[in-house]
4 protein chains.
Amino acid sequence: MKLQSQSGEKPLWSQLYDVLESRILNGVYKEGEVLPSEMSLMEEFGVSRVTVRQAMDKLIHSKLISRKRGKGTIVLKKKVQWKLCFNLLLMVLKKK
Amino acid sequence: MKLQSQSGEKPLWSQLYDVLESRILNGVYKEGEVLPSEMSLMEEFGVSRVTVRQAMDKLIHSKLISRKRGKGTIVLKKKVQWKLCFNLLLMVLKKK
Amino acid sequence: MKLQSQSGEKPLWSQLYDVLESRILNGVYKEGEVLPSEMSLMEEFGVSRVTVRQAMDKLIHSKLISRKRGKGTIVLKKKVQWKLCFNLLLMVLKKK
Amino acid sequence: MKLQSQSGEKPLWSQLYDVLESRILNGVYKEGEVLPSEMSLMEEFGVSRVTVRQAMDKLIHSKLISRKRGKGTIVLKKKVQWKLCFNLLLMVLKKK
DNA sequence: GTGGTCTAGACCACG
DNA sequence: GTGGTCTAGACCACG
């Protein structure tokens with residue numbers, strides 16, 4: 001997937017955050033399973049490792065994922081989070 | 001190099017534009033290579049960052065350079081540009 | 001000030017966090033005033049900008065400072081935080 | 001270069017140690033310069049990271065190299081080391 | 001001239 | 001072979 005690097009867009013890490021968040025909410029990455037490694041995400045999105053980690057730092061802050069050295073990054077159990085549900089709903093509606 | 005900041009002169013950014021343009025046209029900065037960083041140019045010409053960026057903005061507009069965040073500023077492939085040729089000719093004549 | 005970069009020590013950013021935290025708690029950097037810039041801290045401690053920012057990110061998370069683009073980093077109003085008071089006390093006692 | 005992984009051979013890390021040591025002593029990797037990265041050595045010799053690091057740990061112990069996080073691995077100034085001289089001599093004799 | 005973002009790429013600590 | 005730390009240094013956005 002290609003992110004927009006033109007000026008006027010959100011920063012790359014923020015765009016990546018949005019993509020990963022929606023994949024988690026949509027179950028592309030399932031609870032308790034591992035996310036693709038930082039290396040894979042670098043390649044898939046064509047960004048540097050720092051950018052990947054910046055997006056992940058925010059996902060940790062949102063309590064969506066957790067990192068484990070030597071193991072990988074796992075998707076946490078979802079709690080009902082109304083704000084996220086609302087955003088997801090918006091996204092779905094926009095696609096129609 | 002010292003730019004003229006007395007009144008009656010062209011604005012600093014415009015003088016800087018001229019210098020950078022001529023260096024590109026003369027091959028001091030070669031096609032495909034990186035320009036000195038904004039920091040270096042600030043020091044070399046004793047001007048502020050805003051001035052450097054103002055000059056560079058015009059060079060981008062003239063399609064002489066291109067900026068890439070985290071990478072640097074590169075000199076674009078020259079296409080025949082009659083206006084520039086004319087200016088270059090003037091410059092050469094002045095030196096004689 | 002020199003940080004310890006030998007293996008077996010805490011990471012540099014963590015050591016830097018401790019120093020900055022204690023300076024804030026001791027009033028070396030006062031409430032509402034600006035911290036030294038990232039550039040200054042890089043020089044004072046001989047670390048890279050990323051390391052300085054990593055320490056600062058944690059200080060933001062602890063609600064001790066706040067960053068403002070184009071302005072600088074300011075020390076927030078202290079609230080009584082018992083955990084920090086306790087650590088400070090320990091530090092003072094250790095020095096005796 | 002291919003290392004021997006058949007039984008009866010020295011361990012991989014030890015073979016790798018020998019190769020790297022000889023390259024340093026022969027000046028393939030020169031004093032004060034950086035060694036190829038761990039990643040490069042993994043690929044060149046078709047071994048795992050652990051093996052590369054095991055060989056390097058021994059080179060550090062022999063005071064032939066020094067690692068610096070974020071910088072790389074550099075070749076130290078050689079002091080006269082009789083044991084190494086002896087091994088080097090053996091190597092030269094074997095080639096004849 | 002500050003903090004914000006980004007690149008490329010190294011070694012470290014843990015499995 | 002993952003995530004953790006670190007370096008050096010670029011341009012960007014805001015004053």
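Owing to the predicted nature of the structure, the values given are computational and were not obtained by experimental measurement.

Scoring rules and cut-offs
Residues numbered from 1 in each chain as written. Chains lettered and ligands numbered in written order. Predicted model: local features only at pLDDT ≥ 70, side-chain atom pairs only at ≥ 80, totals over all residues. Heavy atoms only, no water. Helix = DSSP H or I, 4+ residues; strand = E, 2+ residues; numbered from the N terminus. Contact = heavy atoms within 4.5 Å. Areas by Shrake-Rupley, 256 points an atom, 1.4 Å probe, with all protein chains shown as cover. Near = heavy atom within 4 Å. Polar contact = N/O pair within 3.5 Å; in protein donor to acceptor, adjacent residues only side chain to side chain. Expected span 1.5 Å × (residues − 1). Buried < 20%, exposed > 50% of the residue type's maximum accessible area, 1.4 Å probe, protein only. Salt bridge = Lys/Arg side-chain N within 4 Å of Asp/Glu carboxyl O. Arc of directions from axis to C-beta.

Caption draft 1: Spatial organisation of the overall build of chain A. When you go through chain A residue by residue, the secondary structure sums to four helices and two strands. Counting from the amino terminus, helix and strand elements in chain A follow one another as α-α-α-β-β-α. Contacts in chain A between residues at least 24 apart in sequence constitute 49% of all its contacts with a sequence separation of at least 6. Accessible surface, chain A: about 6,900 Å² in total, of which carbon and sulfur atoms supply 57%.

Caption draft 2: Geometry of the protein's contact with DNA strand F. Close to DNA strand F lie 37 residues, the nearest being Arg-49 of chain A, Arg-53 of chain B together with Leu-12, Thr-51 and Arg-69 of chain C. One of the backbone N or O atoms of Glu-38 of chain A is found 2.9 Å from a phosphate oxygen in DNA strand F. At a separation of 3.0 Å, a phosphate oxygen of DNA strand F approaches a polar side-chain atom of Arg-53 of chain A. Where the surface near DNA strand F is concerned, the elements lending two or more residues are α3 (49-61), β1 (65-68) and β2 (72-75) of chain A, α3 (49-61), β1 (65-68) and β2 (72-75) of chain B together with α1 (12-25) and α3 (49-61) of chain C. In terms of residue count, the dominant contributor to the surface near DNA strand F is α3 of chain C (four residues).

Caption draft 3: Region of interest: α3 of chain C. When the terminal C-alpha atoms of α3 of chain C are compared, their 18 Å separation across 13 residues agrees well with the 18 Å that a helix rising 1.5 Å per residue should span. On its buried side, α3 of chain C packs onto α1, α2 (38-45), β1 (65-68) and β2 (72-75) of chain C.

Caption draft 4: Highlighting unusual backbone geometry. Residue and element names in this part refer to chain B. Positive phi, close to 55°, is recorded for Lys-63, a residue that is not glycine. By the element assignment, Lys-63 lies in the loop between α3 and β1. The exposed category is assigned to Lys-63, whose relative accessible area is 56%.

Caption draft 5: Main features of the pattern of salt bridges. All names here are of chain C. Across all of its chains, the model carries 20 salt bridges over all chains by this definition. We note a salt bridge from Arg-53 to Glu-38, for which the minimum N-O separation is 2.6 Å. Here the residue Arg-53 occupies a position in helix α3, and Glu-38 occupies one in helix α2, the gap between them amounting to 15 residues. The exposure class of Glu-38 is buried, given its relative accessible area of 15%. Across the pair Glu-38 and Arg-67 runs a salt bridge, and its minimum N-O distance is 3.8 Å. Highlighted residues: Glu-38 in helix α2 and Arg-67 in strand β1, separated in sequence by 29 residues. Residue classification places Arg-67 among the partly exposed residues on the basis of a relative accessible area of 26%.

Caption draft 6: Structural detail: helix α3 (residues 49-61) of chain D. Residues and elements named next belong to chain D. Those residues of α3 not exposed but buried are Thr-51, Val-52, Ala-55, Met-56 and Leu-59. The arc that holds the buried residues of α3, viewed along the axis, is 130°, so those residues lie on one side. Exposed residues pointing more than 90 degrees away from the buried face of α3 are listed as Val-50 and His-61.

Caption draft 7: Representation of the protein's contact with DNA strand E. For DNA strand E, the set of nearby residues contains 37 residues, the closest of which are Leu-12, Thr-51 and Arg-69 of chain A, Arg-49 of chain C together with Arg-53 of chain D. Taking the atoms of DNA strand E that fall within 4 Å of the protein, sugar and phosphate contribute 74% of them. Between Thr-73 of chain D and DNA strand E, the recorded distance is 2.8 Å, taken from a side-chain N or O atom to a phosphate oxygen. Secondary structure elements with two or more residues in the surface near DNA strand E: α1 (12-25) and α3 of chain A, α3, β1 and β2 of chain C together with α3, β1 (65-68) and β2 (72-75) of chain D. Here the surface near DNA strand E takes four residues from α3 of chain A, the largest share from any one element.

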